[in-house]
Amino acid sequence: MADQIRVGVFGSAGRMGAEVCRAVEAAPDLDLVAALDIGDDRTAAESAQVMVDFTHPDAVMDNLSWCVQHGVHAVVGTTGFTEDRLAQLRWALGEAPKTGIVVAANFSVGAVLMMHFAEQAARFYESVEIIELHHPNKADAPSGTATTTAHRIAAARESAQRPPIPDATSQEVPGARGADIGGIRVHGVRLRGLVAHQEVLFGDPGETLSIRHDSLDRVSFMPGVLAAVRAVVDRPGLTIGIDDLLGL
Ligand SMILES: NC(=O)C1=CN([C@@H]2O[C@H](COP(=O)(O)OP(=O)(O)OC[C@H]3O[C@@H](n4cnc5c(N)ncnc54)[C@H](OP(=O)(O)O)[C@@H]3O)[C@@H](O)[C@H]2O)C=CC1
Ligand SMILES: O=C(O)C1=N[C@H](C(=O)O)C[C@H](O)C1
């Protein structure tokens, strides 16, 4: 079909990459032109308009540098995007970018809503902690979703001039209180049988609020990935998260 978007996938043999290949092949408006995994030659990717990257935090920056050099748009789900890495991408894209890059810690609509709702709730509660739960083959901890959620909650609390979260712990086995991400405690669970799950717990005197999201299958990420593929061709520059694409 003439007006199909030509799509390639970095990490095509991985859990997410394989699912993206299936989703692209099933979409009538998309054409899968390159399925590349580690060590593969990138020549096939030169014919792509959009490359999707679900690889590894150690590999993704090199893949994106190739995309920018070749004017190929990118949709990126791989984790590990610190402020420093985002700044490197902005610098590589330049002041008048022609290429678009969408980087999202989580492409599932429910997870995007969970982060959005958690950000809304953040200013109302004295206490907040995050529990992320994933399959045991996951390379990184805490998850990119939990890190992003923690930073968004921390920023919302700062805007609302919330004091630090109360915690009188004075004796602690290292790790028992989780990781401190921007002042928010994040606890990581790795358990066979899980896919990707997160609970954000808020507390105030006499009440708690739990906001939980569960990805039970990797198909949950596909509508967001495909929406980003369709959008990125008309979005030069760096887009962080898919909230805008969902109208949030
Ligand atoms: N944003 C989101 O919605 C989601 C993000 N993720 C993130 O996506 C990433 C991948 O997750 P997952 O699919 O579970 O991981 P996998 O390990 O299953 O897949 C990664 C694949 O990428 C390959 N790979 C590594 N380096 C390169 C490279 N330079 N070029 C091409 N392929 C490469 C790996 O090969 P090999 O195994 O040989 O190293 C592997 O086949 C993680 O960072 C994860 O956190 C996951 C789910 C949703
Ligand atoms: O590795 C995974 O599986 C996932 N990674 C992303 C993350 O680190 O947040 C998204 C989702 O949690 C699944």
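Criteria and thresholds
- Residues numbered from 1 in each chain as written.
- Chains lettered and ligands numbered in written order.
- Predicted model: local features only at pLDDT ≥ 70, side-chain atom pairs only at ≥ 80, totals over all residues.
- Heavy atoms only, no water.
- UniProt positions renumbered as here; feature names shortened; annotations may be inferred.
- 1 Å grid on protein atoms, 1.4 Å probe; cavity = no way out; pocket = protein on both sides within 12 Å on 5 of 7 lines; lining within 4 Å.
- Points joined across faces, edges and corners; volume = space filled by probe spheres on them.
- Helix = DSSP H or I, 4+ residues; strand = E, 2+ residues; numbered from the N terminus.
- Nonpolar A, V, L, I, M, F, W, Y, C, P; charged D, E, K, R; others polar.
- Domains from an automatic or database assignment.
- Near = heavy atom within 4 Å.
- Polar contact = N/O pair within 3.5 Å; in protein donor to acceptor, adjacent residues only side chain to side chain.
- Areas by Shrake-Rupley, 256 points an atom, 1.4 Å probe, with all protein chains shown as cover.
- Contact = heavy atoms within 4.5 Å.
- Buried < 20%, exposed > 50% of the residue type's maximum accessible area, 1.4 Å probe, protein only.
- Pairing = 2+ DSSP bridges.
- Axes fitted to C-alpha atoms, helices over the stretch in contact; angles between N-to-C directions.

The name given to the protein in an unreviewed UniProt entry is 4-hydroxy-tetrahydrodipicolinate reductase, and the organism recorded there is Microlunatus phosphovorus. Database annotation for the protein, UniProt heading Subunit (unreviewed entry): "Homotetramer." Here the protein is described in UniProt, under the heading Subcellular location (unreviewed entry), as follows: "Cytoplasm".

Colleague: What is the right way to look at the layout of surface pockets in this model?
Modeller: If a probe as big as a water molecule is rolled over the atoms, it shows which places are left empty. Each pocket or cavity is described by its volume, and for the largest pocket that value is around 890 Å³. Along the wall of the largest pocket there are 40 residues; nearest its centre are Met16, Phe54, Thr55, His56 and Thr78. Counting residues per element, the lining of the largest pocket draws most heavily on helix α1 (residues 15-26), which supplies 3 residues. Residues that form the lining of the largest pocket fall into these classes: 15 nonpolar, 17 polar and 8 charged. Here the lining of the largest pocket gathers at least three residues from each of two domains, domain 1 (5-103 + 219-245) and domain 2 (109-166 + 174-216).

Colleague: Can you walk me through the site of ligand 1 in this structure?
Modeller: As a structural note, the neighbourhood of ligand 1 is formed by 22 residues, with Arg15, Met16, Thr79, Phe107 and Lys138 the closest of them. Taking Gly14, its main chain carries an N or O atom lying 3.3 Å from an oxygen atom of ligand 1. Interatomic distance of 2.9 Å between a backbone N/O atom of Arg15 and an oxygen atom of ligand 1. When the free accessible area of ligand 1 is taken as 930 Å², the share hidden by the protein chains comes to 77%.

Colleague: I keep staring at the side chain of Thr78 and nothing clicks. Help me out?
Modeller: Along the polypeptide, Thr78 turns up in the loop between β4 (73-76) and α3 (83-93). For Thr78, the side chain forms a polar contact with the side chain of Asp53, separated by 2.6 Å. There is a polar contact of 2.8 Å between the side chain of Thr78 and the backbone nitrogen of Thr55. Dropping the residues within four chain positions of it, Thr78 is found in contact with Asp53, Phe54, Thr55, His56, Pro57 and Val60.

Colleague: Help me understand the site of ligand 2, please; the structure alone is not making it clear to me.
Modeller: What surrounds ligand 2 is the set Thr79, Ala105, Asn106, His134, His135, Lys138, Ser143, Gly144, Thr145, Ala196 and Phe221. Within the side chain of His134, a nitrogen or oxygen atom sits 2.6 Å from an oxygen atom of ligand 2. Here an oxygen atom of ligand 2 sits 2.8 Å away from a polar atom, N or O, in the main chain of Gly144. Considering ligand 2 on its own, with 320 Å² of exposed area, one finds that the protein chains cover 84% of that surface.

Colleague: Can you walk me through the UniProt feature "active site" (unreviewed entry) in the protein in this structure?
Modeller: Mapped onto this numbering, the UniProt entry annotates "active site" (unreviewed entry) at His134 and Lys138. Among the residues just listed, His134 line the largest cavity. For His134, the position within the fold is in strand β6 (residues 127-134). His134 sits in the buried class, given a relative accessible area of 9%. With sequence-adjacent residues up to four places away left out, His134 is seen in contact with Ser143, Val189, Arg190, Leu191, Leu194, Val195, Ala196 and His197. Relative to the helices and strands, Lys138 is located in the loop between β6 and α5 (144-159). Apart from residues no more than four positions distant in its own chain, Lys138 is found in contact with Thr79, Ser143 and Arg190.

Colleague: Which parts of the structure should I look at to understand the sheet that holds strand β3 (residues 50-53)?
Modeller: Picture the strands of a sheet paired through backbone hydrogen bonds; they go either parallel or antiparallel. Read across the open sheet, the 6 strands follow the order β2-β1-β3-β4-β5-β11; overall the sheet is parallel. Each edge of the open sheet carries a strand with a single partner, namely β2 (30-36) and β11 (237-240). Averaged over all pairs of adjacent strands, the angle between their axes in this sheet comes to 20°, without regard to strand direction. The pairing of strand β1 (residues 5-10) with β2 spans 6 bridges and is classified as parallel. Along β2, the bridge assignment pairs Arg6 with Asp31. Against the sheet, α3 touches β5 (100-103) and β11, its axis set at about 150° to β11. The strands touched by helix α6 (residues 222-232) are β1, β2, β3, β4 and β5; relative to β4, the strand with the most contacts, the crossing angle is about 160°.

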